[in-house]
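# Secondary and tertiary structure notes
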Amino acid sequence: MVNLFYRITFIVTFFILSNFIFPQTQTISNPTVSQPIKMGISQPMRDLPINSGKIIEIWKDGIIPLRTSFESDVQQIEKDGSLQTYKGPLGTSGISKNFDGVGVGIYAPPDPSGDVGPNHYVQMVNVQTQIWDKNGTSLAGPFDNSNFWAGLPGPWSSSNDGDPIVLYDEVADRWMVSQFALPNGPDGPCYILIAVSTTPDPTGTYYQYAFSYPKMPDYPKFGVWPDGYYMSANTFSSSAFLGTYASVFDRNTMLAGGAATMQNFTLPTSTYSLLPSDCDGIFPPAGSPNYFLATYNGFGTGNTDLDVYEFHTDWTTPANSSFTGPLLLTTPSFSQPNEITQLGTTNTLNTLSDRPMNRLQYRNMGDHEAMVVCQTVNVGSGRAGMRWWELQKTAGNWSIYQEGTYAPADGLNRWMGSIALDQNGNIALGYSASASTIYPDIRFTGRFASDPLGVM
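What counts and what doesn't
- Residues numbered from 1 in each chain as written.
- Predicted model: local features only at pLDDT ≥ 70, side-chain atom pairs only at ≥ 80, totals over all residues.
- Heavy atoms only, no water.
- Helix = DSSP H or I, 4+ residues; strand = E, 2+ residues; numbered from the N terminus.
- Buried < 20%, exposed > 50% of the residue type's maximum accessible area, 1.4 Å probe, protein only.
- Contact = heavy atoms within 4.5 Å.
- Areas by Shrake-Rupley, 256 points an atom, 1.4 Å probe, with all protein chains shown as cover.
- Salt bridge = Lys/Arg side-chain N within 4 Å of Asp/Glu carboxyl O.
- Pairing = 2+ DSSP bridges.
- Core = buried A, V, L, I, M, F, W, Y, C linked by side-chain atoms within 4.5 Å.
- Axes fitted to C-alpha atoms, helices over the stretch in contact; angles between N-to-C directions.

## Description of the overall build of the protein
Counting its regular elements, the protein contains two helices and 29 strands. Split into buried and exposed, the 456 residues of the protein put 55% on the buried side. Across the protein, contacts joining residues at least 24 apart in sequence account for 62% of those joining residues at least 6 apart. Accessible surface, the protein: about 18,100 Å² in total, of which carbon and sulfur atoms supply 54%.

## Quick word on the environment of Phe-180
Position of Phe-180 among the secondary structure elements: in strand 10 (residues 174-181). Sequence separation between Phe-180 and Ser-212 is 32 residues, and the spatial gap between their C-alpha atoms is 10.0 Å.

## Points about the environment of Phe-148
Considering the arrangement of structural elements, one finds Phe-148 in the loop between strand 8 (138-144) and strand 9 (165-169). With a relative accessible area of 0%, Phe-148 lands in the buried category. Residues within four places of Phe-148 in sequence aside, it is in contact with Ser-42, Met-45, Met-124, Thr-129, Phe-143, Val-177, Ala-195, Tyr-206 and Gln-208.

## Observations concerning the pattern of salt bridges
Inspection of the entire model under this criterion finds nine salt bridges. We note a salt bridge from Lys-393 to Glu-369, for which the minimum N-O separation is 3.8 Å. Here Glu-369 lies in strand 24 (residues 369-378) and Lys-393 lies in strand 25 (residues 384-393), a separation of 24 residues in the sequence. Taken as a pair, Lys-393 and Glu-369 share a single burial class, namely buried. Arg-383 is the salt-bridge partner of Asp-410, the closest N and O atoms lying 3.9 Å from each other.

## Some details on the sheet that holds strand 18 (residues 290-294)
Taking strand neighbours across the sheet as the criterion, the ten strands line up as 1-20-19-18-17-23-24-25-26-4 in an open arrangement whose pairing is mixed. For this open sheet the edge positions go to strand 1 (26-29) and strand 4 (83-84), each flanked by a neighbour on one side alone. By the bridge criterion, seven bridges tie strand 19 (residues 305-312) to strand 20 (residues 322-330) in an arrangement that is antiparallel. Residue Glu-310 lies in a different strand from strand 20, and its bridge partner there is Thr-324.

## As for the nonpolar core
Membership of the largest hydrophobic core comes to 59 residues, with the highest contact counts inside it found for Ile-194, Phe-222, Tyr-229, Phe-249, Met-254, Phe-323 and Leu-391. Ranked by size, the runner-up nonpolar core spans 21 residues in total, among them Ile-131, Val-166, Tyr-168 and Trp-175.

## A closer look at the sheet that holds strand 29 (residues 438-447)
With antiparallel pairing, the three strands of this open sheet are ordered in space as 27-28-29. The sheet is open, and its two borders are formed by strand 27 (413-421) and strand 29, each paired with just one other strand. Adjacent strand axes in the sheet meet at a mean angle of 15° when their direction is disregarded. Sheet analysis places strand 27 next to strand 28 (residues 427-435), joined by seven bridges and oriented antiparallel. By the bridge assignment, Arg-414 is partnered in strand 28 with Ala-433.

## A closer look at unusual backbone geometry
With an omega of 5°, the peptide bond between Gly-325 and Pro-326 qualifies as cis. Tracing the backbone shows Pro-326 in strand 20. With an omega of 10°, the peptide bond between Asn-358 and Arg-359 qualifies as cis. Position of Arg-359 relative to the elements: it lies in strand 23 (residues 357-364). The phi angle at Asp-163 is positive, at roughly 50°, despite the residue not being glycine. Topologically, Asp-163 is positioned in the loop between strand 8 and strand 9. Residue class for Asp-163 comes out buried when judged on its relative accessible area of 4%. Even without being glycine, Met-416 reaches a positive phi, approximately 55°.

See below:
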């Protein structure tokens, strides 16, 4: 969560910067290295009293209040080169469990984040957390996110600032949660707070960490990798966009509760809203860098590239760590849609279509590596649809294996997606849907590995 003024300031600044030419492939070395400024261990989350939080908005009749648009001068692309205008056959699978998530104390934007393990589902929003078993029985919460770092003294002690992330670290069978702390506003110093569960039980205790940043690390996104927890964040002051942070935290040391080192690159203003790759299943081949991905469709300007970067970490000699890229992967042009309409009001919803959506998911498939990611795009006349990509790599560089834009011709907007690939190559794509004829809801589609390429 961040004050709307700062977000508007940032977006206006980035709109200006988006007209500059992005740099060619280059390598940045010698990151800033730092230790956590505070460490500790939390109380068990299961022992916390339920806290309903402060309800600051009531969404009456399903209508979500007006949000100031960040987009301007949107150019419409009337034909998407990867457009799928039909729904495809009805699948045989369905929703096995359906229960309410965190529904109180939600700020705008709510920034929901959730992950699932063998026995639990954990959800974080601005600014609360709740933990369930997989039957939908609540085991802990809702409680304030700040409880993960309760008792850890520092400037963040009285804050609960949000922008949360929760990830299940499958190989370690642990949970990682994070949010930022902005006690000094965007001009800093600011903090990234990380907690790693001490056991596979997310309702138990957590190792606590606080890392300092000179400026605000906004919109942080994380990925699990063998040698670290990788993070991207947009950074800016109260007056200017400053570029992006690309950071890595020593995962193995954090899993043991030790003094984990952080390495950080401050990337130029030609980068924006990168996603680090987040591994599910078998880890990548030994020595693989973490992959960061960005798209730059500007504000109304078409884009013909996915931009892939490599973050290589050397914990023994940090000066040898490097951030290299971008590798440019050509994709059919796309642009941003109009704002999203909803039933019963002229209030419209923001699309956040200027960036790829969390997560950039990675899988080692044995005979090849794969990543999937998605983004909201304009499918014609300003209507929103979900562009998605599957990247593959056998030897050499990444390439786009398949891509598509899911937008059945039913007049609905589809936006704010998230995509995942299973170990058999099947893909699921979830998204929000809305139009002047329906209230906003959540839907999903998918494809089997045997389906025609590019089709959901």
